[in-house]
Amino acid sequence: MNAIPAVSSDVPEQRSEEPEGVPDTWQERARALVVRFGPAVWCYAVLKLIGFTVFMKLLSFAGDYAKKPARFGGGANTWDVLASWDGWWYQQVAQFGYHPALIPVPGGQPGFSIEQNSAAFFPLYPGLMRLTSDVTGLGLYGAGMLVSILASLFAAAGIYAVVDRMSGPRAGVIAAGIWAIAPGSGAEWAVYSDSLFVALAAWACYFVMTRQWVTAGVITLIAGLNRPTAAALIGAVGLAALVELYRRESGVLRPLAAMLLAPVGLLGYVAWVGWRTGEWGGYFRLQHDAWLHYFDWGQGTWHSIRGVLLGRSDYPFAFPVPDLLATLIVFSLPVLIVLLIRLRPPLVLTAYTLATIVSVLGSLGIFGNVSRYLLPAFPLFIALAVGMRKLSWPVLAAVLGTGAVASGWYAGYVLFELGVP
């Protein structure tokens, strides 16, 4: 990180944290929040609804979902697809809890020598599903969708807060809109934990930017209970706190508290799985030997890209259309990274984005899911939002609206129907 002089952890002084004046009543505070975040949330929701509708129409038009098992991308209705694959596992956790075990598969192949177990899925999202179901009376599917949709709105607000602080409210609204139509955004309104994680990550970054260290540490701790990708966020928050300790601009106790709190959730869950399975590396063995998902220093990504460029399918989890889109996304990353760094973002955003990219491209998994795995790297959209803020609102509506229609295919149908999300 030190080799990149454009990166700075300084808080831009030209941006104010809150609107002028402190509201006295809860009604005034609520009104102030609506005024501040309403445009970004509405922009996100409208664009997302357009893409979601197109996605459902494509599923209905094709009809292939009706020929697949409910667990593997099918169901009786188009919307059942949203609760398949990982969504099925989250429902299992919400309904039955965890029973961690490392059970060998007789004659299993490398990478699939252990039975798949729900302990590979972190507890925060299914826990919220169960709580929402108990409180509202909704089934687990409905509860999961409600949690994901509400979390996506909080994520849009968090992205707005981060970008507004860097580049102004107009860019913040546009950034929230871009996240609605980003590749992989089909997972935002599904029984998946992605929206919840991005909401936590965006707000953790915002609280670091505003030097609210304890709050940032607590939110990062919670994010660590949601997805293993929280490791990138933990590292970014910890690095920013370490720099703050060196500068002594926020004292010692608060940055130190953030550093200590941030990894507790992730480490606690991984340790619990290890204890229950009787093997301290049980979680990682489960990922490696039951899902063929582990850090391989980019070999899997290289083999997948090579296969796509040569028109071959001689790599694990080959899906032609999703893999082609993933390859184009990977090729766009250097451009987006350079554009981001030119804006001199706070250190926490740069570290979080780069760590997320390294963890995604450096791990073996389903290559076609690169679009979804990179969904948390929302700072990559900041430069695009800054560049687009000079456009008039009618032009922006045309650009983002067209993207929303197209996202129903590339971010939804391709992800869930032509690949494995």
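Residues numbered from 1 in each chain as written. Predicted model: local features only at pLDDT ≥ 70, side-chain atom pairs only at ≥ 80, totals over all residues. Heavy atoms only, no water.

A few words on the overall build of the chain. Scanning the chain from N- to C-terminus turns up 17 helices and 2 strands. Taken over the C-alpha trace, the chain has a radius of gyration of 21 Å; the compact-globule value for 421 residues is 22 Å, and the two agree within 12%. Along the three orthogonal principal directions, the C-alpha set of the chain runs to about 65 × 50 × 50 Å. Looking at the chain as a whole, 55% of its 421 residues are labelled buried. Partitioning the intrachain contacts of the chain with sequence separation of at least 6 by distance along the chain shows that 76% fall at a separation of at least 24. Counting only carbon and sulfur atoms, one obtains 67% of the accessible surface of the chain, whose full area is about 18,600 Å². (Helix = DSSP H or I, 4+ residues; strand = E, 2+ residues; numbered from the N terminus. Rg over C-alpha atoms; globule rule 2.2 N^0.38 Å. Buried < 20%, exposed > 50% of the residue type's maximum accessible area, 1.4 Å probe, protein only. Contact = heavy atoms within 4.5 Å. Areas by Shrake-Rupley, 256 points an atom, 1.4 Å probe, with all protein chains shown as cover.)

Let us now look at the pattern of salt bridges. Evaluated as defined, the whole model comprises 10 salt bridges. Glu244 is paired through a salt bridge with Arg211; the nearest N and O atoms lie 3.0 Å apart. Placement of Glu244 in helix H8 (residues 230-247) and of Arg211 in the loop between helix H6 (194-209) and helix H7 (213-223) is noted, with a sequence separation of 33 residues between them. Since its relative accessible area comes to 3%, Glu244 is described here as buried. Here Arg211 falls in the partly exposed class, since its relative accessible area comes to 24%. When the shortest N-O distance is used, the salt bridge between Glu279 and Arg285 registers 3.0 Å. Take Arg285: its relative accessible area is 31%, and that puts it in the partly exposed class. Within the structure, one salt-bridge network assembled from shared partners comprises Asp86, Asp194, Arg227 and Arg372. (Salt bridge = Lys/Arg side-chain N within 4 Å of Asp/Glu carboxyl O.)

Counting 126 residues, the largest nonpolar core has Trp179, Leu349, Tyr352 and Phe378 as the members making the most contacts within it. A per-element tally of this core places H6 first, with 14 residues. Beyond its immediate stretch of four places on either side in the chain, Phe378 contacts Ile159, Val162, Trp179, Val198, Ala201, Ala202, Leu349 and Tyr352. (Core = buried A, V, L, I, M, F, W, Y, C linked by side-chain atoms within 4.5 Å.)

With that settled, the discussion passes to the confidence of the model for the chain. Counting all residues, the mean pLDDT for the chain is 92, and 94% of those residues have values of 70 or more. Residue range residues 1-19 is modelled with pLDDT below 50. Its contacts to residues more than four positions away, or to other chains, number 40 contacts. (pLDDT = per-residue confidence, 0-100.)

Before going further, it helps to examine the packing of aromatic side chains. Enumeration according to the criterion identifies 26 aromatic pairs in this entry. Measuring from ring centre to ring centre gives 5.8 Å for Tyr98 and Tyr269, while their planes differ by 50°; the resulting arrangement is tilted. Of the two residues, Tyr98 sits in the loop between helix H2 (86-96) and helix H3 (124-136) while Tyr269 sits in helix H10 (residues 264-277), which places them 171 residues apart along the sequence. Here Tyr98 matches Tyr269 in class, with each residue buried. An aromatic cluster of at least three residues, connected via ring pairs, comprises Trp88, Trp89, Tyr90, Phe121, Tyr125 and Trp291. Lying over the aromatic face of Trp88, Arg71 brings its terminal NZ or CZ to 3.9 Å of the ring centre. (Phe/Tyr/Trp six-rings, centres within 6.5 Å; stacked < 30°, edge-to-face > 60°. Lys NZ or Arg CZ within 6 Å of the ring centre and 35° of its normal.)

This part is about the side chain of Asn369. If you trace the backbone, Asn369 turns up in the loop between strand E2 (363-364) and helix H15 (370-373). Excluding residues that lie within four positions of it along the chain, Asn369 makes contacts with Leu415, Val420 and Pro421.

Two elements in contact, H7 and H8, have axes whose closest approach is 9 Å; the angle formed by their N-to-C orientations is 160°. With respect to each other, H7 and H8 are oriented roughly antiparallel. In terms of crossing hand, the pair formed by H7 and H8 is left-handed. On the side of H7, the interface is formed by Trp213, Thr220 and Ala223, while H8 contributes Ala230, Leu233, Ile234, Val237, Ala240, Ala241 and Glu244. (Axes fitted to C-alpha atoms, helices over the stretch in contact; angles between N-to-C directions. Parallel < 35°, antiparallel > 145°, perpendicular 65-115°, else oblique. Left-handed = near helix turned anticlockwise from the far one by under 90°.)

Okay, helix H14 (residues 347-361) next. Over its 15 residues, H14 extends 21 Å from the first C-alpha to the last, a length consistent with the 21 Å expected when each residue adds 1.5 Å. The buried count for H14 comes to 12 of 15 residues, which makes it a mostly enclosed element. (Expected span 1.5 Å × (residues − 1).)

Attention now goes to a nonpolar patch on the surface. A surface patch of nonpolar side chains, amounting to about 520 Å² of accessible area, comprises Leu309, Leu310, Leu324, Leu328 and Phe331. Among the elements of the structure, helix H12 (299-310) and helix H13 (320-342) are those that each provide at least two residues to the nonpolar patch. Per-element tally for the nonpolar patch: the top contributor is H13, with 3 residues. Summarising the element assignment, Leu309 is placed in helix H12. (Patch = residues over 30% accessible without salt bridge, like charges linked within 9 Å, V, L, I, M, F, W, Y side chains within 5 Å.)

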